[in-house]
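Topology and contacts: notes
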Amino acid sequence: RLHEFWRVKIGNSANEVFMVGYLDSGYRLLRDGIERLEEGTIDRATVYPRRVVEAALRRKAAAIMLAHNHPNGDTRPSEQDKLITKALVLAAAAVQLKVLDHLIVSPEQAFSFRQEGLL
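To start, this report covers the structure provided alongside it. Please read these numbers as outputs of a predicted model, since none were measured by experiment.

**Regarding the overall build of the protein**
The helix and strand inventory of the protein stands at 3 helices and 5 strands. Tracing the protein from N to C terminus, the helices and strands come up as α-β-β-α-β-α-β-β. For 119 residues, the compact-globule estimate of 2.2 N^0.38 gives 14 Å, and the C-alpha radius of gyration of the protein, at 13 Å, lies within 12% of that figure. In the protein, which comprises 119 residues, the proportion classed as buried is 45%.

**So, the nonpolar core**
One finds Phe18, Val20, Tyr22, Val52, Ile64, Leu66 and Leu88 to be the most contacted residues of the largest nonpolar core, which totals 16 residues. When contributions to this core are tallied by element, the ones reaching two or more residues are strand E1 (17-23), helix H2 (49-58), strand E3 (63-69) and helix H3 (79-93). Once you skip the residues sitting within four places of it in the chain, Phe18 turns out to touch Glu35, Arg36, Leu37, Glu38, Val47, Val52, Leu66, Ala67, His68, Leu88 and His102.

**A word on the environment of Ser25**
With respect to the helices and strands, the residue Ser25 is situated in the loop between E1 and strand E2 (29-39). A relative accessible area of 64% places Ser25 in the exposed class. Along the backbone, Ser25 and Ala61 are 36 residues apart, and their C-alpha atoms lie at a distance of 7.5 Å.

**Looking at the pattern of salt bridges**
It is possible for side chains bearing opposite charge to pair when their charged atoms get close. Under the criterion given, the structure shown has 8 salt bridges. In this structure, Glu38 and Arg51 form a salt bridge, with 2.3 Å as the shortest nitrogen-oxygen distance. A residue pair is termed long-range when its members are at least 10 positions apart, and Glu38 in strand E2 and Arg51 in helix H2 qualify at 13 residues. What makes Glu38 buried here is its relative accessible area of 14%. Residue class for Arg51 comes out partly exposed when judged on its relative accessible area of 39%.

**Structural notes on H2**
All of the buried residues along H2 are Val52, Val53, Ala55 and Ala56. The buried residues of H2 occupy one face: seen down the axis, they fall within an arc of 160°. Across from the buried face of H2, at angles greater than 90 degrees, the exposed residues are Arg50 and Arg58. Phi turns positive one or two residues past the end of H2, at Lys60, with a value near 60°.

Reading the values: the criteria
Residues numbered from 1 in each chain as written. Predicted model: local features only at pLDDT ≥ 70, side-chain atom pairs only at ≥ 80, totals over all residues. Heavy atoms only, no water. Helix = DSSP H or I, 4+ residues; strand = E, 2+ residues; numbered from the N terminus. Rg over C-alpha atoms; globule rule 2.2 N^0.38 Å. Buried < 20%, exposed > 50% of the residue type's maximum accessible area, 1.4 Å probe, protein only. Core = buried A, V, L, I, M, F, W, Y, C linked by side-chain atoms within 4.5 Å. Contact = heavy atoms within 4.5 Å. Salt bridge = Lys/Arg side-chain N within 4 Å of Asp/Glu carboxyl O. Arc of directions from axis to C-beta.

Dropping the structure here:
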């Protein structure tokens, strides 16, 4: 499962890291389909919807999965997390790109925007 992958990959990072998984129309991961798009500080990473969409279009992705970590271990989404997720969904929808989920991970757990009804 991708939830586990993200937890292992970035859950223990000391800085906030934002990653994107690029998927085909069958929601299978594309070859070289995972990118570490941004790395920030201990409590934030700047994410630009334009960069996310451009990267997905370059790869000819039909869908994306977003993930970032919270170095403090609390996986509840901040207001900023909710705002950037909405902006990313809107930007992706404008080019017929589907956002499957946005996960916030720590070493012990993962929060899914989709499972929690926020996506």
